[in-house]
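Descriptive analysis of the structure
Chain by chain, the residues:
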Amino acid sequence: MSRGTGELAEHERPESSDRSLAESLIAGKPEAFEPFVTRFGPLILNFGRRMCGRRTDAEDLLQETLLKAYQSLKGLRDPAALKGWVYRVAANTCLKLRRRTAGATKRDLSIDDLLPHPDARGVAPEIADWSDIPLDRLLQGELRVRLEDAVLALPKDFRVVLILREQEGFSTRETASILGISEDLAKVRLHRARLAVRKAMEGYLSDPVELPTKR
């Protein structure tokens with residue numbers, strides 16, 4: 001296989017090299033650090049921006065995550081699980097950073113607060129579903145800003161579940177594993193986070209297009 005073909009295959013399937021990369025890092029090979037940063041640096045920076053909102057906070061998260069992950073890699077039992085493990089370090093680091101933020105509080109999302117109240121006829125209006133809007137529309141102009149603000153307004157424990165599940169592409173089971181919580185709890189937090197975002201996006205969504213539902 002030529003070098004160009006190999007690079008293309010690697011670009012298409014980045015996770016395929018995680019095992020060998022993790023094994024090199026665990027073995028203490030210094031030449032593996034640069035590929036490690038190249039592989040996960042952009043991913044963790046984007047994750048940090050979505051969780052923290054400000055780029056400076058995201059950059060702090062990136063540096064702390066990469067340092068902690070690199071220093072504790074010998075605790076990784078399954079080299080093939082490198083990506084999930086790095087995100088676990090990032091999520092834990094981010095939640096701790098948020099707890100140190102002035103004014104940060106831990107709160108829950110009540111279903112009663114999220115669901116719309118019934119009208120005089122006893123009929124509750126339906127909350128607009130932002131997940132059915134095509135991605136290119138969500139990433140445009142004011143709608144994108146509103147969506148990002150709605151996600152950032154979530155309590156951190158709910159925000160991280162939504163981001164890992166909807167934006168980082170992990171399954172609910174993987175999300176639960178990353179956060180060290182039960183799958184049932186991850187499902188509850190995901191459901192309430194979606195409701196909160198949908199409620200916050202009311203008035204900005206119209207003519208939704210039906211898309212396949214994630215499972």
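Above: the structure in question.
A brief look at the structure comes next. (Residues numbered from 1 in each chain as written. Predicted model: local features only at pLDDT ≥ 70, side-chain atom pairs only at ≥ 80, totals over all residues. Heavy atoms only, no water.)

A few words on the nonpolar core. Of all hydrophobic cores here, the largest spans 47 residues; its most connected members are F47 and L82. Ranked by residues supplied to this core, first place goes to helix α5 (residues 82-99) with 10 residues. Those residues in contact with F47 that lie beyond four places of it in its chain are L61, Y87, A90, A91, V160, I163, L164 and E168. (Core = buried A, V, L, I, M, F, W, Y, C linked by side-chain atoms within 4.5 Å. Buried < 20%, exposed > 50% of the residue type's maximum accessible area, 1.4 Å probe, protein only. Helix = DSSP H or I, 4+ residues; strand = E, 2+ residues; numbered from the N terminus. Contact = heavy atoms within 4.5 Å.)

What follows covers the packing of aromatic side chains. All told, the structure shown has five aromatic pairs when counted by the stated rule. Arranged with centres 6.4 Å apart and planes meeting at 40°, the rings of F33 and F36 form a pair that is tilted. Residue F33 and its partner F36 are both found in helix α3 (residues 33-52); the two are separated by three residues, about one turn of the helix. F33 gets classed as partly exposed once you look at its relative accessible area, which sits at 34%. Ring geometry for Y87 versus F170: centroids 4.9 Å apart, planes at 75°, classification edge-to-face. A residue pair is termed long-range when its members are at least 10 positions apart, and Y87 in helix α5 and F170 in the loop between α9 (156-167) and α10 (172-179) qualify at 83 residues. For the residue pair Y87 and F170, the accessibility class agrees, reading buried in each case. (Phe/Tyr/Trp six-rings, centres within 6.5 Å; stacked < 30°, edge-to-face > 60°.)

Once that is clear, we can look at the environment of R165. Secondary-structure assignment places R165 in helix α9. A relative accessible area of 6% means that R165 is categorised as buried. Taking C-alpha positions, R165 is 8.0 Å from L190, a pair spaced 25 residues apart along the chain. A polar contact of 3.0 Å, which involves the side chain of R165, links it to the side chain of T172. (Polar contact = N/O pair within 3.5 Å; in protein donor to acceptor, adjacent residues only side chain to side chain.)

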